[in-house]
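Summary of the model geometry
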Amino acid sequence: MRTGILSKQTLLILLVGTLFGYTVVPRLVETSSLAESVAVKPFTEDRHLRQDDVILKMVENNKLLAMHSLPTDRSPNVMKTAVLSDYRRKKILVTGGAGFVGSHLVDKLMMEGHEVTVVDNFFTGQKKNVAHWMHHPNFSLVVHDVTEPLMAEVDEIYHLACPASPPHYQFNSVKTIKTSTEGTLNMLGLAKRVKARILLTSTSEIYGDPQVHPQREDYWGNVNPIGPRSCYDEGKRVAETMMYSYKEQSDVDVRVARIFNTFGPRMHPNDGRVVSNFIIQALQGKPMTVYGEGDQTRSFQYVSDLVDGLHALMNGDYDGPVNLGNPDEFTMKEFAKYVKDLTDSKSEIRFLDKTTDDPSKRRPDISLAKKKLNWQPRVTVEEGLRHTIDYFQGVLDEAGEIIPTGPGASKPQN
Ligand code: NAD
Ligand code: UDP
Ligand code: UDP
């Protein structure tokens, strides 16, 4: 009996004690910690343990973050990064790495476990293209214009910085020329000083309006030196010349990719290129704008194939210019119809004026890439377009409406 009463008393004391502990003590602690928010209190044994737990969690989370990308709207899939030994991990600079192609290349290099530094002035690139790596210890972003000298210690340079869509490279044509000339000169000076291998992303535009079809690397091209496209075409031609002059004169280890029309997720929705324009127009039921009669041809490659090609070129021995593209060729008229069908769109196909110096045909001969790099495209145009259509549907869901950029020079919109 007595034991039972005592037990009830003990229980009561315990209950009151517990209530006191839960209600009054935290308030005291709260008040005192507010009053002393600046002072660091010595840890009790108990708090010390909790602090250790916090540190442990931070270390664990940090390790976890250092092994993956973070999902974002632009890059919802989590990408795992390999861990390389110091000996195998390279320091790689990617100029223009916040752009369309650059950001996909960065993904590949990051996943391989290298230390990647992106240098970009955000003219046509967007921070959100690389936001999924911003927390990662192997990743650095430097906001810098390549027309200014750059000091860095790197093993490899992928030099992509340059606007690529006609409306954007024509917006400030003098700046486009400076980017291709002064920018490439600076990157070559850097490559020479640190003895880094450097890869230039040149273009099929160096063949101009070609009189040879399909285009092989030994064709010298047919370029108007004073037309609206020449700031880009001639800029890249000089950039190529500089690459081989630095190789001859200063023994710089160079690689040159001549890239043919490439498409995929993270293309700038307002860059006015044909793939983004047709998809965005078709998805919104707006007229699909074909410039001229639509008989001009282009051959389209999916971005992952290009990234594999750039990687193979950088890591191979061949140092002459190499075409990277998918020989699957369409007239723009056919292509509009193709995109219309794939998007199940009711858009009208509308013919606008032809643009000046628009090349009438373009298709890569990729036998050199096959032979020297053992590379060829693996993604069909249809498969690539389906991914890109899904991507632009997401961009449209977020934006509401997009009015694609027309044929004239235009400032990139965010
Ligand atoms: P993009 O416009 O998306 O990317 C270019 C990047 O370079 C952007 O991030 C931009 O902000 C940056 N940039 C421009 N000028 C700069 C400067 N002065 N300093 C620092 N950064 C600068 O274009 P993209 O399609 O990703 O093209 C990448 C490269 O590939 C370019 O060199 C382009 O000429 C070449 N290329 C692309 C294609 C294609 O179809 N996408 C075809 C042929 C060649
Ligand atoms: N440069 C650079 N980073 C370097 C080394 C050079 O940006 O680490 C620039 C340099 O400012 C110069 C250009 O690259 O404008 C060409 O350098 P190079 O050494 O070939 O020419 P020089 O400086 O002798 O004219
Ligand atoms: N083009 C078109 N409608 C558009 C955008 C482009 O018919 O809305 C045509 C353009 O005239 C060119 C082709 O599509 O013949 C490819 O244009 P893009 O700007 O994509 O690349 P590039 O001309 O540099 O190959």
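Going by the structure above, here's the rest.
Rules used in this analysis
- Residues numbered from 1 in each chain as written.
- Chains lettered and ligands numbered in written order.
- Predicted model: local features only at pLDDT ≥ 70, side-chain atom pairs only at ≥ 80, totals over all residues.
- Heavy atoms only, no water.
- Helix = DSSP H or I, 4+ residues; strand = E, 2+ residues; numbered from the N terminus.
- Contact = heavy atoms within 4.5 Å.
- Areas by Shrake-Rupley, 256 points an atom, 1.4 Å probe, with all protein chains shown as cover.
- Salt bridge = Lys/Arg side-chain N within 4 Å of Asp/Glu carboxyl O.
- Buried < 20%, exposed > 50% of the residue type's maximum accessible area, 1.4 Å probe, protein only.
- 1 Å grid on protein atoms, 1.4 Å probe; cavity = no way out; pocket = protein on both sides within 12 Å on 5 of 7 lines; lining within 4 Å.
- Points joined across faces, edges and corners; volume = space filled by probe spheres on them.
- Nonpolar A, V, L, I, M, F, W, Y, C, P; charged D, E, K, R; others polar.
- Near = heavy atom within 4 Å.
- Polar contact = N/O pair within 3.5 Å; in protein donor to acceptor, adjacent residues only side chain to side chain.

**Focus: the overall build of the protein chain**
- Each helix and strand in the protein chain was counted, giving eleven helices and 13 strands.
- Long-range pairs, those at least 24 residues apart, make up 81% of the contacts in the protein chain between residues at least 6 apart in sequence.
- Here the protein chain has roughly 21300 Å² of accessible surface; of this, 55% comes from carbon and sulfur atoms.

**A short note on the pattern of salt bridges**
- Applying the stated criterion across every chain, the model contains 26 salt bridges.
- In this structure, Lys90 engages Glu156 in a salt bridge whose closest nitrogen and oxygen atoms are separated by 2.9 Å. You can see Lys90 sitting in the loop between α2 (45-65) and β1 (91-95) and its partner Glu156 sitting in strand β4 (residues 156-159), a full 66 residues away along the chain.
- Look at Glu156 and you get buried, because its relative accessible area is 7%.
- The shortest N-O distance in the salt bridge between Glu205 and Arg229 comes to 2.7 Å. Of this pair, Glu205 sits in the loop between β5 (197-203) and α6 (230-250) while Arg229 sits in the loop between β5 and α6; the two residues are 24 residues apart in sequence, bridging distant segments of the chain. Across the pair, Arg229 and Glu205 agree in class, each one buried.
- Beyond isolated ion pairs, a larger network of salt bridges with shared partners links Glu205, Arg229, Arg298, Asp358 and Arg362.

**Remarks on the environment of Ala82**
- Along the chain, Ala82 turns up in the loop between α2 and β1.
- A relative accessible area of 35% places Ala82 in the partly exposed class.
- For the pair Ala82 and His68, spaced 14 residues apart in sequence, the C-alpha separation works out to 9.0 Å.
- With sequence-adjacent residues up to four places away left out, Ala82 is seen in contact with Met110, Met111, Glu112 and Gly113.

**Topic: empty space enclosed by the protein**
- Applying the stated criterion across every chain, the model contains one cavity of 30 Å³ or more.
- Estimates place the volume of the largest cavity at around 30 Å³.
- Forming the walls of the largest cavity are His159, Ala161, Cys162, Thr179, Ser180, Thr184, Leu200, Lys236 and Ala239.
- Breaking the lining of the largest cavity down by element, the ones donating at least two residues are α5 (173-194) and α6.
- At three residues, the largest contribution of residues to the lining of the largest cavity is made by α5.
- Looking at the lining of the largest cavity residue by residue, the classes come out as four nonpolar, four polar and one charged.

**Some thoughts on the site of ligand 2**
- Around ligand 2 sit Pro149, Leu150, Met151, Leu185, Asn186, Gly189, Leu190, Lys192, Arg193 and Tyr246, and that is every residue in its neighbourhood.
- With respect to ligand 2, the side chain of Lys192 contributes an N or O atom lying 3.0 Å from an oxygen atom.
- The side chain of Arg193 places a nitrogen or oxygen atom 2.5 Å from an oxygen atom of ligand 2.
- About the coverage of ligand 2: the protein hides 61% of its 520 Å² of free accessible area.
- Ranked by residues supplied to the shell around ligand 2, first place goes to α5 with six residues.
- The class makeup of the residues in the shell around ligand 2 is six nonpolar, two polar and two charged.

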